[in-house]
Amino acid sequence: MKKFDLNGKVVLITGAAGGIGQAVANRLYACGANLVLTDVSADGLNRTFAALSKERVLLAPLDVTDMAATKDVVDQAVKQFGHLDMVMANAGIGAKVPSTMLTIDEDEFTKVINVDLFGVWNTVKASLPHIINTKGHVLITSSIYAFINGVANAPYAMSKAAVEQMGRALRAELSGTGATAGVLYPGWVDTNIAKVAFGGHDIATKLVQHAMPGPFGRRVKPDEIALAVVAGVERRASQIIAPRYWIPMSWFRGIINIISDAMLDKDTKFQKLIRELEQKQ
Ligand SMILES: NC(=O)c1ccc[n+]([C@@H]2O[C@H](COP(=O)([O-])OP(=O)(O)OC[C@H]3O[C@@H](n4cnc5c(N)ncnc54)[C@H](O)[C@@H]3O)[C@@H](O)[C@H]2O)c1
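Residues numbered from 1 in each chain as written. Predicted model: local features only at pLDDT ≥ 70, side-chain atom pairs only at ≥ 80, totals over all residues. Heavy atoms only, no water.

J.: Please explain helix 2 (residues 42-49) as it appears in this structure.
T.: Residues lying three or four places apart along an α-helix face the same way, a consequence of the helix completing one turn every 3.6 residues. If you check which residues of helix 2 are buried, you get Gly44, Leu45 and Phe49. One face of helix 2 carries all of its buried residues, which in axial projection span an arc of 100°. In helix 2, the exposed positions that point more than 90 degrees away from the buried face belong to Asp43 and Arg47. (Buried < 20%, exposed > 50% of the residue type's maximum accessible area, 1.4 Å probe, protein only. Helix = DSSP H or I, 4+ residues; strand = E, 2+ residues; numbered from the N terminus. Arc of directions from axis to C-beta.)

Written as structure tokens, this is what we have:
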């Protein structure tokens, strides 16, 4: 498969104003890519990327749940740069408050799935004809939540498992076209979205401390993910799992999930935390 040299490529990133999207944007810019940086927060985009060259960077406010607006931004990108080589469907949210399916607000449940699943779909669908034209690459931000238990975070985990399937199917559908697709699985990363599980919400924090021992319960900096993205995209990797200690968890998920779910069945401390979480709402 032909290497994907990022220098001079045109890359569209959603959810670029913060966290992982921002770190990837900065790394790709340093590699010589031209960027179309989009986010629901126009202020965030302007604040974060004010210093980058206007010739190489198009800032475009975009809510990824709006298919028409997503297609419009893709058109703007192609108008400005002539083509589109890569898209990173990265925008994502978590529920405002960690909740079980019994207690979660119905609108909140739908909102998370709209952004984290349908937002990714809109981004991929709108960009795909251009990516096929340029024999480019689609990168979908999933999560370790595609393969760990999504307890107290179900709409997020459901979406992340779903977009993993989207990426796998897309890769197979693109085979032979010269274009490729890959899935990014970040572990815990020090960004806004993860704050809730690291001090932002007491029970969510206790749940992570209880269920995720050692390095599995630690956050890494967004730039660590960005470095893995650059290395993975350059070789058109089907999977980018970072940090690397999550790789065996993904490879052996079949058996690990059976064991870990059975352990949760019997874990009274865990069950007490879940009931406390429900009573708090
Ligand atoms: N931080 C983690 O621990 C972690 C782990 C695995 C996967 N991820 C995934 O990485 C991606 C980036 O998240 P992050 O950790 O950088 O968090 P973040 O909150 O820093 O970044 C998410 C960005 O998406 C934007 N956004 C939210 N809703 C949007 C919408 N409707 N349309 C367009 N943009 C929207 C936000 O404004 C924000 O800039 C998400 O898909 C997230 O699920 C994060």
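J.: Just checking my understanding: could you explain the side chain of Asn153 for this structure?
T.: Within the fold, Asn153 resides in the loop between strand 5 (137-141) and helix 5 (154-174). Judged by relative accessible area, which is 18%, Asn153 ranks as buried. When sequence neighbours within four positions are dropped, the list of residues in contact with Asn153 reads Ser99 and Tyr145. (Contact = heavy atoms within 4.5 Å.)

J.: Hey, could you run me through the packing of aromatic side chains in this one?
T.: The geometry of an aromatic ring pair is captured by the separation of the ring centres together with the interplanar angle, meaning the angle of the planes. Summed over all chains, the structure comprises 7 aromatic pairs. Cluster of aromatic residues (ring-pair linked, three or more members): Tyr145, Tyr156, Trp188 and Phe198. The residue whose ring lies beneath Lys9 is Phe4, and the NZ or CZ to ring-centre distance is 5.0 Å. Of note, Arg56 hangs over the ring of Tyr29, and the distance from its end group to the ring centre comes to 3.9 Å. (Phe/Tyr/Trp six-rings, centres within 6.5 Å; stacked < 30°, edge-to-face > 60°. Lys NZ or Arg CZ within 6 Å of the ring centre and 35° of its normal.)

J.: Would you explain the nonpolar core in this entry?
T.: Side chains that are nonpolar tend, in soluble globular proteins, to be buried together. Core analysis: the largest hydrophobic core is formed by 33 residues, its most contacted members being Ile13, Leu28, Leu35 and Leu37. Looking at this core, the elements that each hand over two or more residues are strand 1 (10-13), helix 1 (19-30), strand 2 (34-39), helix 2, strand 4 (86-89), helix 7 (222-234) and strand 7 (239-242). Among all residues touching Leu37, those that are not within four sequence positions of it are Ile13, Ala16, Ala25, Leu45, Phe49, Leu52, Val57, Leu58, Leu59 and Ala60. Among the nonpolar cores identified, the runner-up in size contains 32 residues, and Val73, Val87, Val120 and Val163 belong to it. (Core = buried A, V, L, I, M, F, W, Y, C linked by side-chain atoms within 4.5 Å.)

J.: Got a minute to help me understand the site of the ligand in this structure?
T.: Taken together, 28 residues form the shell around the ligand, and within it Ile20, Asp39, Asn90, Tyr156 and Thr191 come nearest. With respect to the ligand, the side chain of Asp39 contributes an N or O atom lying 2.6 Å from an oxygen atom. Val189 places a polar main-chain atom, nitrogen or oxygen, 2.8 Å from an oxygen atom of the ligand. Protein chains shield 91% of the accessible area of the ligand, which is 820 Å² for the free molecule. At the level of secondary structure, the elements contributing two or more residues to the shell around the ligand comprise helix 1 and helix 5. Grouping the constituent residues of the shell around the ligand by class yields 14 nonpolar, 11 polar and 3 charged. (Near = heavy atom within 4 Å. Polar contact = N/O pair within 3.5 Å; in protein donor to acceptor, adjacent residues only side chain to side chain. Areas by Shrake-Rupley, 256 points an atom, 1.4 Å probe, with all protein chains shown as cover. Nonpolar A, V, L, I, M, F, W, Y, C, P; charged D, E, K, R; others polar.)

J.: Would you explain the sheet that holds strand 4 in this entry?
T.: Strands belonging to one sheet form pairs held by backbone hydrogen bonds; the direction of such a pair is parallel or antiparallel. Strand order across the open sheet formed by 7 strands is 3-2-1-4-5-6-7, with parallel pairing between neighbours. Both outer strands of the open sheet, strand 3 (57-61) and strand 7, are each paired with one neighbouring strand and no more. Looking at each pair of strands side by side, their axes are set apart by 15° on average, direction ignored. Strand direction decides the pairing type here: strand 2 and strand 3, joined by 5 bridges, are parallel. Of the residues in strand 3, the one forming a bridge with Val36 is Leu58. Here helix 5 sits on the sheet and contacts strand 5 and strand 6 (180-186); the angle it forms with strand 6, its principal contact strand, is near 155°. (Pairing = 2+ DSSP bridges. Axes fitted to C-alpha atoms, helices over the stretch in contact; angles between N-to-C directions.)

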